[in-house]
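# Structural overview for review
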Amino acid sequence: MKPSELITAPPAGVRITASRLSQTVRGGRQTLRDVSLTIEPGELVAIIGASGAGKTTLLETLAGVRPASSGTVDRRHNTDAGQTGEPSAVGYVPQDDIIHHELPLERTLRYAARLRLAPGTDPTALNRRVHEVMAELGLTERAGVPVGRLSGGERKRASIAVELLTRPGVFFLDEPTSGLDPAIAVDLLRVLRGLADSAATVVLTTHQVTDVEFCDRVVVLTRQGALAFAGTPAAAREFFGVTTLAEVYLRLDEEPEPATWPDRFAARDEQPAPEPAVTAPVAVRGPGRRVGPVRQWVVLTGRNLEIVGRNRLTLAILLGSPLMVLGMFALLFRPGAFEPADPSPNVMVMILFWIAFGGFFFGLTYGLLQICTELPIVRRERLAGVRVGPYLLAKVAVLLPLLALVDLALLGVLRGIDRLPAAGGGAFAALYLTLLLSSAGALALGLLCSASVADAAQATLMLPMLCFPQVLFVGAILPVPEMAAGGRWLSYAMSNRWAFEGLGHTAEVERIWRDGGSPLGPPLLASYGDSFARPVWVDWLILTGFLVAFLVAAWTVLARKDRRGTA
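We now turn to the structure provided with this report. (Residues numbered from 1 in each chain as written. Predicted model: local features only at pLDDT ≥ 70, side-chain atom pairs only at ≥ 80, totals over all residues. Heavy atoms only, no water.)

## A closer look at the sheet that holds strand β10 (residues 227-231)
The condition is simple: A pair of strands is treated as paired once DSSP finds two or more bridges between them. Secondary structure elements follow DSSP: runs of H or I of four or more residues count as helices, runs of E of two or more count as strands, with numbering from the N terminus. Axis definition: a line fit to C-alpha positions, over the contact stretch in the case of helices; interaxial angles, taken between N-to-C directions, run 0 to 180 degrees. Throughout, a residue-residue contact means that at least one pair of heavy atoms, one from each residue, lies within 4.5 Å.
Taken in spatial order, the six strands of this open sheet run β6-β7-β8-β3-β9-β10, and their pairing is mixed. Among the strands making up the open sheet, the edge pair consists of β6 (90-93) and β10. In this sheet, adjacent strand axes meet at a mean angle of 10° when their direction is disregarded. Here strand β7 (residues 170-174) runs beside strand β8 (residues 201-205); their pairing, made up of five bridges, is parallel. For Asp-174, the partnering residue across the bridge sits in β8 and is Thr-205. Lying on the sheet, helix α4 (residues 152-164) is in contact with β6 and β7; it crosses β6 at an angle near 160°.

## Some thoughts on the pattern of salt bridges
Basically, it comes down to this: Here, a salt bridge means any side-chain nitrogen of Lys or Arg that lies within 4 Å of a carboxyl oxygen of Asp or Glu. Any residue under 20% of the maximum accessible area for its type is buried, any over 50% is exposed, and the rest in between are partly exposed; the area is computed with a 1.4 Å probe on protein chains only.
In this structure the tally under the stated criterion is 25 salt bridges. A salt bridge links Glu-106 to Arg-110; the nearest nitrogen and oxygen atoms lie 2.8 Å apart. Of this pair, Glu-106 and Arg-110 both sit in helix α2 (residues 105-116), four residues apart, which is roughly one turn of the helix. Among the ionic pairs, Asp-539 bridges to Arg-534, the shortest N-O distance being 3.1 Å. Classification of Asp-539 as buried rests on a relative accessible area of 1%. Look at the salt bridges and you will find they share partners, linking Arg-129, Glu-132, Glu-136 and Arg-167 into a network.

## Some thoughts on the nonpolar core
Burial of nonpolar side chains together is a common tendency in soluble globular proteins. We count it as follows: Nonpolar cores were defined as sets of buried Ala, Val, Leu, Ile, Met, Phe, Trp, Tyr and Cys residues, with membership established by side-chain atoms within 4.5 Å.
Ranked by internal contacts, the top residues of the largest apolar core, which has 88 residues, are Ile-355, Phe-500 and Trp-513. If you look at the next biggest cluster of nonpolar residues, it comprises 83 residues, including Ala-18, Ala-68, Phe-172 and Val-219.

## Some details on unusual backbone geometry
Phi is positive for Arg-20, close to 50°, though the residue is something other than glycine. Counting through the fold element by element, Arg-20 comes out in strand β1 (residues 14-24). The phi angle at Arg-167 is positive, at roughly 50°, despite the residue not being glycine.

## What to know about the packing of helix α12 (residues 345-368) against helix α14 (residues 388-416)
Basically, it comes down to this: Roughly parallel covers angles under 35 degrees, roughly antiparallel covers those over 145, roughly perpendicular covers 65 to 115, and oblique covers all other angles. Handedness of a helix crossing follows the sense of rotation of the near helix relative to the far helix, less than a right angle counterclockwise being left-handed and clockwise being right-handed. Each residue gets one label: Ala, Val, Leu, Ile, Met, Phe, Trp, Tyr, Cys and Pro are nonpolar, Asp, Glu, Lys and Arg are charged, and the others, such as Gly, are polar.
At their nearest, the axes of α12 and α14 sit 11 Å apart, and the two run at 155° to each other. Here α12 is positioned roughly antiparallel relative to α14, judged by the angle of their axes. For α12 against α14, the interelement crossing comes out right-handed. Between α12, through Ile-355, Gly-359, Phe-362, Gly-363 and Tyr-366, and α14, the contact on the second element is made entirely by Leu-399, Leu-402, Leu-403, Val-406, Asp-407, Leu-410, Leu-411 and Leu-414. Here the contact of α12 with α14 is composed, by residue class, of ten nonpolar, two polar and one charged.

## Quick look at α12
Put simply, the rule reads: Here a helix's expected span is defined as the number of its residues, less one, multiplied by 1.5 Å.
Between its terminal C-alpha atoms α12 stretches 34 Å, which fits the 34 Å expected from 24 residues at 1.5 Å a residue. Of all 24 residues in α12, 18 are buried, a share of seventy percent or more.

## Let's talk about the packing of aromatic side chains
Each aromatic ring pair is described using two quantities: the centre-to-centre distance and the angle formed by the ring planes. So the rule is basically this: Note on aromatic pairs: the rings of Phe, Tyr and Trp (six-membered ring only in Trp) are paired at centre separations within 6.5 Å, and the planes decide the class, stacked below 30 degrees, edge-to-face beyond 60, tilted for the rest. In this scheme, Lys NZ or Arg CZ marks a charge over a ring once it lies within 6 Å of the ring centre and within 35 degrees of the ring normal.
Enumeration according to the criterion identifies 19 aromatic pairs in this entry. Among the aromatic side chains, those forming a connected cluster through ring pairs are Phe-353, Trp-354, Phe-357, Phe-360, Phe-361, Phe-500, Tyr-528 and Phe-532. Taking NZ or CZ as reference, Arg-264 lies 4.5 Å from the ring centre of Trp-261, over its face.

## A short note on the packing of helix α11 (residues 312-332) against α12
Following both chains from N to C, one finds α11 and α12 inclined at 165°, their axes separated by 11 Å at the closest point. Judged by the inter-axis angle, α11 sits roughly antiparallel to α12. For the pair α11 and α12, the sense of crossing is right-handed. Where α11 abuts α12, its residues Leu-318, Leu-319, Pro-322, Val-325 and Phe-329 lie against Trp-354, Ile-355, Phe-362 and Tyr-366. Among the residues forming the contact of α11 with α12, the class breakdown is nine nonpolar, no polar and no charged.

Below, the structure written as C-alpha cells:
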C-alpha cells in the first residue's frame, strides 16, 4: 500500500516537548537519565539503543503510559502561532498484540469504535469510519478474516487501525517491525511514513537500524538511559563518525565514560538548554466525551460473548469438563445415601463436599485465565478510557450464566440418579442458590488471581495452591471442631466451607444422622457440632461477601497496575 492511498482527513499536527525526563524503578536503578528533546508535528522518529537502554521506557513516558519520576512531557496541537491548544489524544501500539485473535477484523474494529468514538455516534457513521480505516491500511480484503489468521504485518496494521479510528494526532509504537520479515517490515514502515506525511506525529522504538532510514529523526540512548543524540540519520552518522547506523552501537560501547556522548551532544550550539525540571505525571487525554460505563459494559459483554462463542475449543472445555466431573461423581457415589431409613453418613458428607468443591473449582478455572492472557489489551483499552469496573463485570456477565447452567445440570442429574435427597422444589432451589453463590465467589477469586499475575503460566501454577486449602480446611475430611486452633481460624477464610455447610443444612443431614438407622450418625453428628445448624441464609450472606470482596480486590489490583503504568 502506498502512502498516497491514505484517504482520511489528516489529523492535526502535534508537537511533543520533553524536559529532563528521569525514570527510576524499584531498587533505585535509573532507566532514564535527564532526557530532553522536542519532536515536531508530522515527524517520523525512531528511538534506538542497546537492549536495556530505556527505549520502551522513554516511549511509554512520552505517551503518558507511565508517569515520569521527574521531568515533564507536553503534547499539544501545533498552530500558526506556535505550540498552543489542548493536550492531544494519543495512539499507543505496544509490541504485544492489542486485539483479540478470535474475532474477524471488521468485528474487532467495530467493537473498538463503539468503545472509542463519542457517545451517540450514528451507527452508519461508525461503520463508515471502520471501513475508511481498513481502506487506509490496505486491510479491506481481510475484513472477514479472524485476526489470528492474519499475517504478522497485517496484525500490526490491525493494531494501528484500532488507534486510527479516533484520528489521534500522535502515534507511539513499540518495536512495530519486530518479528516481521524484511518485505513486510518495509510495507509497515511505508504505512507509518504515510501517517507522518499526512501530519500525524509518529514515534517508534526499533532494534532494526534499517528502519531508521525511513525516519526523519533518530533518538539514540546510551545503555545508562541518557540521551546521546537526537537529529536526522545523516547527522547521527556524522556526529558519531561512522558510515552506517549499526556502527553507532559500537561507538557507544567503546566509550569508557558513559557520559561522554551525552555531554558532547549537550555541548552542541544547536541543542537548546532545557527548562528547569518539574515533576508532573502525564495525563492521557482522549477525543471528546468518553463512552459511559453502562455502554462500556454492554459493548464489552457482547464482545466477550462473541469471543467465547467463536472459540469452539474453549467453549467445549468450559462445558465439557463439568460434564466429565459429573460422570465421575455418578460412578463414584452409590445411590440412596440420603435415604432416611438407611442413610450412609460418610457418603453423604463426601457427596456434599464434592458438589461444593465442584462448584468452586468450575468458577475458579473459568476466571483464572481471563485477564492474564489479555493484559496488553487491558492496558491499551484503559488508555482509551475503558473503566475497570465495566471490564470486570463484563467478564462476570458472560461467565456466570455458563456457571449457572453447569451448576443446574450438576444438581439436576445427581438428583435424577438418586445421589441427592428427595427434596421438594424449595429445597432444591436452596441447594442451587448455595452452589451458584459458591461458583460466583470462586469466579471472582479466579479473576482476582488472573489480574495479579503476569501470564498464564503463573496463573496455572496458582491453581493447586488455591484448591488444596479449600479441600483440607472446609470441614469435610476433618470436621472444623476437630481441627487445631490454627486450622479452625483458617477455615473461616475458605469460601468452600460455607457452601459445604449450607448444602448440609438444606439437605437436613442433622435430622437424617440423628433419626436414621445408621449407627455412625450420632457420633458423626457430635464431631461436626453445630456446623449444619446455622440458617442457610447466613451462608448465602457470607458467600455473597466473598464474591463482593474478591471483585473489589480484583478492581483494586487492576487500578493499581494502571496507575503504575504496568499491566
